Structures are given as C-alpha cells and as structure tokens.
Amino acid sequence: ASEAATSQLTTLRGDSGKNYSEMNFTLFSIVNEFGLQGLGVGEAVKFTAPEAGWKLQKVRVVGWSGYNESTQTFPADKNILLEIRDKDLNILYKFADAQNNYLLSDAGPILGEIEIPAVPVTGDFYVVFYDHGAAHIGMENNNGTGNSFLFMGGQILPAERTVQQTNETIKVNWMIEAAGK
C-alpha cells in the first residue's frame, strides 16, 4: 500500500492504549499454557467498528517467532491462523500462513502486520489469532480492558491470569490491532 493509503487507516486497539515500549508485557503462547489442547484455542480481541460498513484491512500482532542466539538460526516455519468473526462469532474471514512471514526478528518481539482483503464489519467484531505454539504473542499484564478473550470450543472466555504470589486473578490484554477504513 502506498504511504498515503496507509496513513488514512484507522487503527483500533483493545489494550490500555499505552505506547508498547511503556507497557508491562510478556510473551505468551497458548500451547505453553494448555499443551496440545491449546492448538484449538485462539487469543481473541473484541473491537467495535468506528462506523457502519467500516472495512478491516490489516491485523497487527505484537509477537515473536523466536531466535536461537547460539546457532544464530530462526525456527522452522509453522502455521498460525487468523480469523475475523462477527459479534455472534460467525466467521467472516479465515487465513493461515507461516509465522516467520510476519514475526521474524533476531532482536525480540515486533509488530507483525498481516494484510487481508477488505472485510466489512459493523458494530462489534473479533480478531482471533491462533499462535499454535509457532509464535509468542504480546500479553499486557495489567490495565485489563475486558476486551481480550480466549476463544475455545466456540465460546469466548475472559483472558485472565492468576498471580502466583497473591493468588489474585487479573485481566490481561492481547497486543493485537485492527486497521481499516
């Protein structure tokens, strides 16, 4: 896309809205959390289209596919999956590709951008990212907005973590953006 077209896109975020460099975030992989059962679980963020007929054109994910400093090698390609769902969780768009095409870096997490065909959305919609253990996604550890979820078994469940030291349950935010016009 041209620079002018890119500047016209509206970016939606479901996290605290802070600059990423100022966030308290860690990298998260659903497979590390749930084992092989995590392969069918996605990190979901609920967004609200700024106007009727708004078209989603890009999804950006803070994440990392990893890098081995000792051997100076990147991991083998594995598939990630992206879904766009409406407010009733019906699939509007589905896409799979290798994680290294978007999240490859030898210096740590990056903001990977996935361009998609324009998907018209109105009202609330969900972006669901399935890391499949192929990549780690950015997870903001505080300032939970209530817009981040786990999508599993056709259901949306709150994205929460338990702090081991205090046994307190806190909401977390997936670091996913939706951009369109």
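Preceding block: the structure.
This text gives an overview of the structure that appears in the document. (Residues numbered from 1 in each chain as written. Predicted model: local features only at pLDDT ≥ 70, side-chain atom pairs only at ≥ 80, totals over all residues. Heavy atoms only, no water.)

### Comments concerning the pattern of salt bridges
Working definition: two side chains of opposite charge can pair if their charged atoms are close together.
No. 1: Summed over all chains, the structure comprises nine salt bridges.
No. 2: Note that glutamate 177 is salt-bridged to arginine 60, the shortest N-O span being 3.3 Å. Here arginine 60 lies in strand E4 (residues 54-64) and glutamate 177 lies in strand E15 (residues 176-180), a separation of 117 residues in the sequence.
No. 3: Residue classification places glutamate 177 among the buried residues on the basis of a relative accessible area of 7%.
No. 4: On the accessibility criterion, arginine 60 (10% relative accessible area) is buried.
No. 5: Glutamate 83 is the salt-bridge partner of arginine 85, the closest N and O atoms lying 2.8 Å from each other.
No. 6: Classification of arginine 85 by relative accessible area gives buried; the value is 10%.
No. 7: Of the residues examined, glutamate 83 reaches a relative accessible area of 3% and is grouped as buried.
No. 8: Residues joined by salt bridges that share partners form a network here, namely Lys58, Arg60, Glu113 and Glu177. (Salt bridge = Lys/Arg side-chain N within 4 Å of Asp/Glu carboxyl O. Helix = DSSP H or I, 4+ residues; strand = E, 2+ residues; numbered from the N terminus. Buried < 20%, exposed > 50% of the residue type's maximum accessible area, 1.4 Å probe, protein only.)

### Comments concerning the environment of phenylalanine 28
No. 1: Take phenylalanine 28: it is sitting in strand E2 (residues 25-28).
No. 2: Residue classification places phenylalanine 28 among the buried residues on the basis of a relative accessible area of 6%.
No. 3: On a C-alpha basis, the gap between phenylalanine 28 and aspartate 131 in space is 9.1 Å, while along the polypeptide they are 103 residues apart.
No. 4: Every residue in contact with phenylalanine 28, bar those within four places of it in the chain, is listed here: Glu33, Glu43, Asp131, Ala135, His136, Ile137, Met139, Arg161 and Trp174. (Contact = heavy atoms within 4.5 Å.)

### Structural notes on the sheet that holds strand E11 (residues 155-158)
No. 1: In spatial order, the strands read E6-E5-E8-E3-E10-E11; together these six strands make up an open sheet with antiparallel pairing. The outermost strands of the open sheet, each flanked by one partner alone, are strand E6 (91-98) and E11. Averaged over all neighbouring strand pairs, the angle between strand axes comes to 25 degrees, with direction disregarded.
No. 2: Of the pairings in the sheet, the one linking strand E3 (residues 42-48) to strand E10 (residues 148-152) comprises four bridges and is antiparallel in character. Counted as the bridge partner of glycine 42 is phenylalanine 151 from E10. (Pairing = 2+ DSSP bridges. Axes fitted to C-alpha atoms, helices over the stretch in contact; angles between N-to-C directions.)

### Some remarks on the side chain of glutamate 177
No. 1: Looking at glutamate 177, its side chain comes within polar contact range of the side chain of tyrosine 20, at 2.7 Å.
No. 2: Contacts of glutamate 177, omitting those with residues within four sequence positions, involve Thr11, Leu12, Arg13, Tyr20, Phe47, Lys58, Val59, Arg60 and Leu111. (Polar contact = N/O pair within 3.5 Å; in protein donor to acceptor, adjacent residues only side chain to side chain.)

### Quick look at unusual backbone geometry
No. 1: In this structure, leucine 89 takes a positive phi of about 70 degrees despite not being glycine.
No. 2: Positionally, leucine 89 belongs in the loop between strand E5 (79-86) and E6.
No. 3: One non-glycine residue, histidine 132, adopts positive backbone phi at about 50 degrees.
No. 4: Here histidine 132 is to be found in the loop between strand E8 (124-130) and strand E9 (136-140).
No. 5: Residue histidine 132 is classed as partly exposed on the basis of its relative accessible area, which comes to 24%.

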